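Each chain, written out:
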Amino acid sequence: MTLHDDAVLVLKGYEGQEELRQSYLDHLSAHPEGLWRSCSAGHVTASALVVDAESGHVLLTLHRKLRMWLQMGGHCEPGDPTLASAALREAAEESGIEGLTLLPGGPVRLDRHAIPAPCNWHLDVQYVALAPAGSVAAISDESLDLRWFGYDEVAEVADVSVVRLLEATRARLSA
């Protein structure tokens, strides 16, 4: 199975955000290269909100290029077998935390957002990565800063897309 096939299966199985989900599927149908940054019409990305559920904290990165507090994530790479593995790889690379695991149940949200050229659009499939107790983060080259925030602090530093991701995460954690 290719990463493209996996993305289609993940999106077909995702429940919620029907109109956005369908636009992702339409994009992949119209653009076989729609997972790669070379697709100027936009491309599917994978991200993960790193969570320490026991302490009620999330790890956000101050993105070097965008200068915004965001979840970990980014472009799919040819070696990624699945969207989930791409999200987990990005979370581990950008957080420096070993032993992250994805919250069961697949992605928690979808978010389409404009990005400066040449990317233009990211069609982000958002997961949750659970951090082992006592995890220590390490700043990567893609980040200006990396910081743990309490759930109630996120709305003060991040945009609405991260706040919505946290809301969906908390709902999944309490289910």
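Computed from a prediction, not measured in an experiment: that's the story for all the values here.

K.L.:
Please clarify how the side chain of threonine 61 should be interpreted in this entry.
P.N.:
Within the fold, threonine 61 resides in strand β2 (residues 57-63). Engagement of the side chain of threonine 61 in a polar contact is seen with the side chain of serine 143, the distance being 2.7 Å. Not counting residues up to four positions away in its chain, the partners in contact with threonine 61 are Met68, Trp69, Leu70, Gln71, Met72, Glu94, Ser143, Asp145 and Leu146.

K.L.:
Where do I start with the packing of aromatic side chains in this structure?
P.N.:
Two numbers describe a pair of aromatic rings. These are the distance of the centres and the angle of the planes. Applying the stated criterion across every chain, the model contains 1 aromatic pair. With a centroid separation of 5.0 Å and 80° between ring planes, the pair formed by tryptophan 69 and phenylalanine 149 is classed as edge-to-face. Taken together, the residues span a long stretch of sequence, with tryptophan 69 in strand β3 (residues 69-70) and phenylalanine 149 in strand β8 (residues 143-150) at a distance of 80 residues. Taken as a pair, tryptophan 69 and phenylalanine 149 share a single burial class, namely buried. The ring of tryptophan 121 carries the charged tip of arginine 112 above its face, separated from the ring centre by 3.7 Å.

K.L.:
When you look at the environment of tryptophan 69 in this model, what are you seeing that I'm missing?
P.N.:
The exposure class of tryptophan 69 is buried, given its relative accessible area of 12%. The sequence separation of tryptophan 69 and alanine 84 amounts to 15 residues, and the corresponding C-alpha distance is 22 Å.

Rules and cut-offs
In this convention, every chain numbers its residues from 1, walking through the sequence in written order. Side-chain atom pairs in this predicted model are given and counted only at pLDDT of 80 or more, local residue features only at pLDDT of at least 70, and totals for whole chains, interfaces and linings cover all residues. By convention in this description, side-chain values take in all heavy atoms of the structure and omit both hydrogens and water. Comment: elements are numbered from the N terminus, with helices defined as DSSP H or I runs of at least four residues and strands as E runs of at least two. As used in this structure description, the phrase polar contact means that two N or O atoms lie within 3.5 Å; if the pair is within protein, one of them must be able to donate a hydrogen and the other to accept it, and residues adjacent in sequence are counted only when both atoms belong to side chains. It only takes one pair of heavy atoms within 4.5 Å for two residues to be counted as in contact. Aromatic pairing here means that ring centres of Phe, Tyr or Trp (its six-membered ring) are within 6.5 Å. Orientation follows from the plane angle: under 30 degrees is stacked, over 60 is edge-to-face, and everything else is tilted. Type-normalised accessible area, obtained with a 1.4 Å probe on protein chains alone, sets the label of each residue: buried when under 20%, exposed when over 50%, and partly exposed for intermediate values. Any Lys NZ or Arg CZ that is within 6 Å of a ring centre and within 35 degrees of that ring's normal is treated as a charge sitting over the ring.

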